[in-house]
Amino acid sequence: MNKRGIVPNPNSLWMKFLVVWYGIYQASHVIVNLLYFLIPDISFPPPPPDDWSPQIVHFFTGMAATDLINAVLTLVFVYGYFKKARWSMWLGTLTLTISMYAAIVFTYGTIASGAWTGNLYGYLWFYIPFVPVVILFVVFSIWGVHGKFLDNNA
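Everything in this summary refers to the structure shown in the same document. (Residues numbered from 1 in each chain as written. Predicted model: local features only at pLDDT ≥ 70, side-chain atom pairs only at ≥ 80, totals over all residues. Heavy atoms only, no water.)

### Re the overall build of the protein chain
- Across its full length, the protein chain holds six helices and zero strands.
- Order of helices (α) and strands (β) in the protein chain, N terminus to C terminus: α-α-α-α-α-α.
- In terms of its C-alpha atoms, the protein chain occupies a principal-axis envelope of roughly 55 × 30 × 20 Å.
- Going through the 154 residues of the protein chain one by one, you find that 38% of them count as buried. (Helix = DSSP H or I, 4+ residues; strand = E, 2+ residues; numbered from the N terminus. Buried < 20%, exposed > 50% of the residue type's maximum accessible area, 1.4 Å probe, protein only.)

This is how it looks when you write it as structure tokens:
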């Protein structure tokens, strides 16, 4: 196998694009989560036909608080990545892991509650912008397994 392999270099243009995308994606989460807290009657995410149960609303509130903290930490990661801070890859791994976990839990909760019924296209718009984040998570995972962070002195 050649030295480059299939996984891009952490400083490649492709990786910079993915990191910028992740930052923009999470900046939008800062806005959405703040709106969720500031506007009590917001119907977000799209509810199931029989509306959200109070327990689910409380669960989403906890998720929004955690996601807000993760989104802010992601913006710190993006800043550190471009400043080549030694801690940035560690923080990126943490925030990407939290993002993936939140996406899985959110997906399960919304599907199990029946919210996707009648709202399929609305929910797909949540996931299309998330695809580059999944790619970044996979690349970070491969780098972690192969010690690329240490090799790169990132």
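### A look at the packing of aromatic side chains
- Per the counting criterion, the structure on display carries 17 aromatic pairs.
- Where Phe140 meets Trp143, the ring centres are 5.3 Å apart and the plane angle is 50°; that geometry is what we call tilted. Of the two residues, Phe140 and Trp143 both sit in helix 5 (residues 131-146), three residues apart, roughly one turn of that helix.
- Owing to a relative accessible area of 2%, Trp143 belongs among the buried residues under this scheme.
- Members of the aromatic cluster, connected to one another through ring pairs, are Trp52, Phe59, Phe60, Phe106, Trp116, Tyr123, Phe126 and Tyr127. (Phe/Tyr/Trp six-rings, centres within 6.5 Å; stacked < 30°, edge-to-face > 60°.)

### A look at helix 2 (residues 54-82)
- Its 29 residues give helix 2 an end-to-end C-alpha distance of 42 Å, which sits within 8% of 42 Å, the value for a rise of 1.5 Å per residue.
- Within the span of helix 2, buried status applies to Phe60, Met63, Ala64, Asp67, Leu68, Asn70, Ala71, Thr74, Phe77, Val78, Gly80 and Tyr81.
- At its buried positions, helix 2 is contacted by helix 1 (13-38), helix 3 (88-112) and helix 5. (Expected span 1.5 Å × (residues − 1). Contact = heavy atoms within 4.5 Å.)

### Looking at the nonpolar core
- If you look at the biggest cluster of nonpolar residues, it comprises 19 residues, and the most contacted ones within it are Met15, Phe77, Leu136 and Phe140.
- Among the elements of the structure, helix 1, helix 2, helix 3 and helix 5 are those that each provide at least two residues to this core.
- Among the nonpolar cores identified, the runner-up in size contains twelve residues, and Ala64, Ala102, Ala115 and Trp116 belong to it. (Core = buried A, V, L, I, M, F, W, Y, C linked by side-chain atoms within 4.5 Å.)

### Observations regarding helix 1
- Counted at 1.5 Å a residue, the expected span for helix 1 with its 26 residues is 38 Å, and the 37 Å between its end C-alpha atoms agrees.
- Among the residues of helix 1, Met15, Leu18, Val19, Tyr22, Gly23, Tyr25, Gln26, Val30, Asn33 and Tyr36 are the ones counted as buried.
- Against the buried residues of helix 1 lie helix 2, helix 3, helix 4 (120-127) and helix 5.

### A short note on the side chain of Asn33
- The topology assignment puts Asn33 in helix 1.
- The exposure class assigned to Asn33 is buried, which follows from its relative accessible area of 7%.
- Setting aside anything within four residues of it in sequence, one finds Asn33 in contact with Ala64, Asp67 and Leu68.

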